[in-house]
Amino acid sequence: MNSIRKAVFPAAGMGTRFLPATKAQPKEMLPLVDKPIIQYGVEEAVESGLDQIIIVTGRGKRAIEDHFDISFELESILAKKGDEDTLSEVRRISDLGTIYYIRQKEPLGLGHAVLVTRDLVGDEPFAVLLSDDLIYADVPCLRQMIEVYERYQCSVVAVERIPRERISGYGVIDARPIEDRIYRIDDLVEKPTPEKAPSDLAVVGRYILTPEIFDALAKVKPGKGGEIQLTDALRWLLKHQVIYAYEFEGTRYDAGTTLGFLKASVEYALRREDIGQEFGDYLRNLAPSTHQSPDTPGD
Ligand code: UTP
């Protein structure tokens, strides 16, 4: 059995960077090519062997629940039309593991969103995935991280090298290399200036956490706007437990910003068997000198 069974998806944020698209629909439901962004994350968790998905929702997020639910009307219409391919795709979505929903009544931060899952997660290690961070990889990023967890039995956070000039948008680790791609974290700094950044290794939206993180989240003081930060809880946990960072293999797209979302859309479309070729031809005709191949890192 997988050592990690549960995946938490905090999805209760306001998505202000994506207004007006997110005024009346959840950011997590924006379609990347033709699939809502959160489905990519749920599929990554399922492909990594996790079968219990916990989605933290809030006001205005009902579409997420409907998406992963069975749609009898839709299925019967597709069956009548004899559209077997679409029917099996629609059924596959509602078969993606067992999904639990819990509401975060107020958007009091990512840390708070994780804290509300405490009773559902219980006393076992679990994964947290931020679906905005889309990771394209041969071996799913979470699967790679589970292998690190299984070797060290400690919390593992995913990190990526970020050019200094962009580092101030991230949580950054102060760490020592242990082996290829694995670091032992000494400290974490949230959004440092390039001069103050302890490294160029930034934390991205994949975590494997030991259940003690809940004690940490319950103890840390809310920061600005009353928000409870996951980084603060990780710093608290560091005083009691070893935490590792893992530089994953794959390409990450920050689909929480408009530019990152556009880059991800283009590259995922180019990789598609059905439309990739034609879309690539279209792009080449449109801007021959600026076309990038899908293997060029996103972000
Ligand atoms: P972000 O910082 O991306 O915030 O949250 P956001 O609200 O989604 O987007 P912007 O910044 O307003 O554009 C990181 C993750 O944490 C979740 C978000 O849904 C996102 O997946 N989150 C954030 C919560 O679940 N609850 C919160 O109170 C805050």
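Below, the structure is looked at part by part. (Residues numbered from 1 in each chain as written. Predicted model: local features only at pLDDT ≥ 70, side-chain atom pairs only at ≥ 80, totals over all residues. Heavy atoms only, no water.)

### Examining the overall build of the protein
And then number 1: A tally of regular secondary structure across the protein gives 11 helices and 13 strands.
And then number 2: Over its C-alpha atoms the protein spans a radius of gyration of 20 Å, differing by no more than 12% from the 19 Å that the globule rule assigns to 299 residues.
And then number 3: Projecting the C-alpha coordinates of the protein onto the three principal axes gives extents of approximately 60 × 50 × 40 Å.
And then number 4: Expressed as a percentage of the 299 residues in the protein, the buried residues total 49%.
And then number 5: Partitioning the contacts of the protein with sequence separation of at least 6, the portion at a separation of at least 24 is 75%.
And then number 6: For the protein, the exposed area adds up to about 15,100 Å²; of that, 51% sits on carbon and sulfur atoms. (Helix = DSSP H or I, 4+ residues; strand = E, 2+ residues; numbered from the N terminus. Rg over C-alpha atoms; globule rule 2.2 N^0.38 Å. Buried < 20%, exposed > 50% of the residue type's maximum accessible area, 1.4 Å probe, protein only. Contact = heavy atoms within 4.5 Å. Areas by Shrake-Rupley, 256 points an atom, 1.4 Å probe, with all protein chains shown as cover.)

### What to know about the environment of Leu 32
And then number 1: With respect to the secondary-structure elements, Leu 32 resides in strand β2 (residues 31-32).
And then number 2: You can call Leu 32 buried: its relative accessible area is 0%.
And then number 3: When the C-alpha atoms of Leu 32 and Leu 262 are compared, they prove to be 8.6 Å apart, with 230 residues separating the residues in sequence.
And then number 4: The residues contacting Leu 32, other than those within four sequence positions of it, are Ile 37, Tyr 40, Leu 134, Ala 255, Phe 261, Ala 264, Ser 265 and Tyr 268.

### Considerations on the site of the ligand
And then number 1: Looking at the ligand, there are 18 residues lining it, with Thr 16, Arg 17, Lys 27, Gln 104 and Gly 109 nearest.
And then number 2: Contacts to the ligand include Gly 15, whose backbone N or O atom sits 3.2 Å from an oxygen atom.
And then number 3: The backbone of Leu 108 places a nitrogen or oxygen atom 3.2 Å from an oxygen atom of the ligand.
And then number 4: When the free accessible area of the ligand is taken as 560 Å², the share hidden by the protein chains comes to 82%.
And then number 5: Partitioning the shell around the ligand into residue classes produces nine nonpolar, five polar and four charged. (Near = heavy atom within 4 Å. Polar contact = N/O pair within 3.5 Å; in protein donor to acceptor, adjacent residues only side chain to side chain. Nonpolar A, V, L, I, M, F, W, Y, C, P; charged D, E, K, R; others polar.)

### Focus: the pattern of salt bridges
And then number 1: The full count for this structure, using the stated rule, is 25 salt bridges.
And then number 2: As a salt-bridge pair, Glu 75 and Arg 91 come within 3.1 Å of each other at their nearest N and O atoms. Note that Glu 75 is positioned in helix α3 (residues 72-81) and Arg 91 in helix α4 (residues 84-94), a separation of 16 residues in sequence.
And then number 3: Taking the relative accessible area as the measure of exposure, Arg 91 reaches 40% and is therefore partly exposed.
And then number 4: Within this structure, Lys 35, Glu 43, Glu 89 and Arg 92 form a network of salt bridges that share partners. (Salt bridge = Lys/Arg side-chain N within 4 Å of Asp/Glu carboxyl O.)

### Focus on helix α7 (residues 141-152)
And then number 1: With 12 residues, α7 extends 17 Å from end C-alpha to end C-alpha; this agrees with the ideal 16 Å at 1.5 Å per step.
And then number 2: One or two steps after α7, the chain reaches Gln 153, where phi turns positive at roughly 55°. (Expected span 1.5 Å × (residues − 1).)

### Observations concerning helix α11 (residues 276-286)
And then number 1: Among the residues making up α11, those that are buried are Gly 276, Gly 280 and Leu 283. All buried residues of α11 project into a common sector of 65° when viewed along the axis, lining one side. The exposed residues of α11 that point more than 90 degrees off its buried face are Gln 277, Glu 278, Asn 285 and Leu 286.
And then number 2: The inward-facing, buried residues of α11 contact α10 (258-271). (Arc of directions from axis to C-beta.)

### Here we look at the packing of α3 against α4
Packed helices, taken two at a time, are described by the angle between their axes plus the distance between the axes.
And then number 1: α4 packs onto α3 with a crossing angle of 155° between their chain directions and a minimal axis gap of 9 Å. As far as their axial angle goes, α4 and α3 are roughly antiparallel. Like other packed secondary-structure pairs, α3 and α4 cross with a definite hand, here left-handed. Contacts between α3 and α4 involve Leu 74, Glu 75, Leu 78 and Ala 79 from the first element and Thr 86, Leu 87, Val 90, Arg 91 and Ser 94 from the second. (Axes fitted to C-alpha atoms, helices over the stretch in contact; angles between N-to-C directions. Parallel < 35°, antiparallel > 145°, perpendicular 65-115°, else oblique. Left-handed = near helix turned anticlockwise from the far one by under 90°.)

### Section: the state of the cysteines
Disulfides are covalent bonds that connect the sulfur atoms of two cysteines.
And then number 1: Within the structure shown, the criterion is met by zero disulfides.
And then number 2: Summary of cysteine pairing: Cys 141 is not part of a disulfide, and the nearest cysteine sulfur, belonging to Cys 154, is at 18 Å.
And then number 3: Accessibility expressed as a relative area gives 14% for Cys 154, which makes it buried. (Disulfide = S-S within 2.5 Å.)

### Regarding unusual backbone geometry
And then number 1: Following Leu 19, the chain continues to Pro 20 via a peptide bond in cis, the omega torsion being 5°.
And then number 2: Along the chain, Pro 20 falls in the loop between β1 (6-10) and β2.
And then number 3: The phi dihedral of Lys 191 is positive, around 45°, even though this residue is not glycine.
And then number 4: Mapped onto the elements, Lys 191 comes out in the loop between β10 (182-190) and β11 (201-209).

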